[in-house]
Amino acid sequence: MPDITLEIRRIPKPGKIFEIIEAVTAAMKASGRIGLVSTAATVPHNGDRDVVTAIPFSSWDELEELNDTVLSDADFRKQQTAIEELCVKTPTVQALNVIVRGDQLADNRKYLRRNFMIAKRGEAPALVDTLLQWREALAEGSRPTVQRPVSGNQDLVRVTAGYESLSALMEAGADVASNPAYGKFREQLNRLTVSVMGYNSRIVYSKTG
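Thresholds, definitions, all that
Residues numbered from 1 in each chain as written. Predicted model: local features only at pLDDT ≥ 70, side-chain atom pairs only at ≥ 80, totals over all residues. Heavy atoms only, no water. Phe/Tyr/Trp six-rings, centres within 6.5 Å; stacked < 30°, edge-to-face > 60°. Helix = DSSP H or I, 4+ residues; strand = E, 2+ residues; numbered from the N terminus. Buried < 20%, exposed > 50% of the residue type's maximum accessible area, 1.4 Å probe, protein only. Lys NZ or Arg CZ within 6 Å of the ring centre and 35° of its normal. Polar contact = N/O pair within 3.5 Å; in protein donor to acceptor, adjacent residues only side chain to side chain. Pairing = 2+ DSSP bridges. 1 Å grid on protein atoms, 1.4 Å probe; cavity = no way out; pocket = protein on both sides within 12 Å on 5 of 7 lines; lining within 4 Å. Points joined across faces, edges and corners; volume = space filled by probe spheres on them. Axes fitted to C-alpha atoms, helices over the stretch in contact; angles between N-to-C directions. Contact = heavy atoms within 4.5 Å. pLDDT = per-residue confidence, 0-100. Salt bridge = Lys/Arg side-chain N within 4 Å of Asp/Glu carboxyl O.

A. Spotlight on the packing of aromatic side chains. Throughout the structure, instances matching the rule amount to three aromatic pairs. Ring centres 5.9 Å apart and planes at 50 degrees place the aromatic pair tryptophan 134 and tyrosine 182 in the tilted group. Placement of the pair is tryptophan 134 in helix α4 (residues 124-137) and tyrosine 182 in the loop between α5 (166-178) and α6 (183-192), with a sequence separation of 48 residues. For the pair tryptophan 134 and tyrosine 182, one class covers both residues: buried. Clustering of aromatic rings is evident, with ring pairs tying together Trp134, Tyr182 and Phe185. Above the face of the tyrosine 111 ring, arginine 202 is positioned so that its terminal group lies 5.4 Å from the ring centre.

B. View of the side chain of arginine 10. Structurally, the position occupied by arginine 10 is in strand β1 (residues 4-12). Residue classification places arginine 10 among the buried residues on the basis of a relative accessible area of 3%. A polar contact of 3.1 Å, which involves the side chain of arginine 10, links it to the side chain of glutamine 80.

C. Quick look at the pairing of strand β5 (residues 111-119). In terms of residue burial, β5 counts as a mostly covered element, since eight of its nine residues are buried. Taken together, the eight bridges between β5 and strand β7 (residues 156-163) define a ladder with antiparallel strand orientation. Residue pairing for β7: asparagine 115 is matched across the bridge by valine 159. Bridge count between β5 and strand β8 (residues 193-207): nine bridges; the pairing is antiparallel. Of the residues in β8, the one forming a bridge with methionine 117 is valine 196.

D. Up close: the layout of surface pockets. Space inside the largest pocket adds up to approximately 780 Å³. Asn115, Ala161, Tyr163, Ala172 and Val176 are the residues nearest the centre of the largest pocket, which is lined by 35 residues in total. When contributions to the lining of the largest pocket are tallied by element, the ones reaching two or more residues are β5, α4, β7, α5, α6 and β8. Residue contributions to the lining of the largest pocket peak at eight residues, all from α5.

E. Highlighting the sheet that holds strand β6 (residues 145-149). Strand order in this closed barrel of eight strands is β1-β3-β2-β8-β5-β7-β6-β4, and the pairing throughout is antiparallel. Strand after strand, the sheet turns through a mean of 30 degrees between neighbouring axes, direction not considered. For β6 and β7, the ladder comprises three bridges, and the chain directions are antiparallel. Bridge pairing links valine 146 to valine 159 in β7. Helix-sheet contacts for α5 involve β5, β7 and β8, and the interaxial angle to β5 is about 30 degrees.

F. Representation of the confidence of the model for the chain in the model. Scored by pLDDT, the chain comes out at a mean of 93, with 98% of its residues at no less than 70. Summarising per-element confidence for the chain, the mean pLDDT is lowest in helix α2 (residues 60-72) (90) and highest in α6 (97).

G. A look at the pattern of salt bridges. Tallying each qualifying case throughout the model produces 10 salt bridges. Across the pair arginine 158 and glutamate 7 runs a salt bridge whose closest N-O atoms are separated by 2.7 Å. Pair noted here: arginine 158 is in strand β7 and glutamate 7 is in strand β1, with a separation of 151 residues, a long-range link. Salt-bridge contacts for arginine 135 lead to aspartate 103; the nearest nitrogen and oxygen are separated by 4.0 Å. In this pair, arginine 135 sits in helix α4 while aspartate 103 sits in the loop between β4 (87-100) and β5, placing the two residues 32 residues apart along the sequence. The exposure class assigned to aspartate 103 is partly exposed, which follows from its relative accessible area of 31%. A single network of salt bridges, built from pairs that share partners, joins Glu7, Arg114 and Arg158.

Below is the structure:
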């Protein structure tokens, strides 16, 4: 059975970020769906402050129904247009194939770490295999989600993990970067990738069930 995440990333107009957070959170609550809303906790110089909605789907038919609603439901279009008017742009509306879903599903999560890894041409499957092996070496309860996009850069592999605090996020990152037990995985990662980019986000709304 497919496991899919629909991700919508919005870049707010100046001064509009909290209005967007409130609007997309209200839309999520009204839909009754599980999913989460997050916003950038830290922003690099070459990045943009954003608001990201992530919604899981269990089939492509289910996602197609949403696409049909976007085209046919006037009230839904009006709601989404009102949100878009608060944005500079919405650069990402994409489906992600979930290869394996993470352990961090509890409502006490406060932060997300999203890592975007660009594999060398043709090495994405090997990169996924390395990440899955590394994931199994992690303690149960700390294993991340691994995903690949359906469209866009097909060399991209994503790893996402949730944490209960910023300290926990930073400690986990330090462990991954320096723990001798993970040395062979770091070497394989370096060999298989062109670049790795990481982003920290604060979860502002989450519904897990």
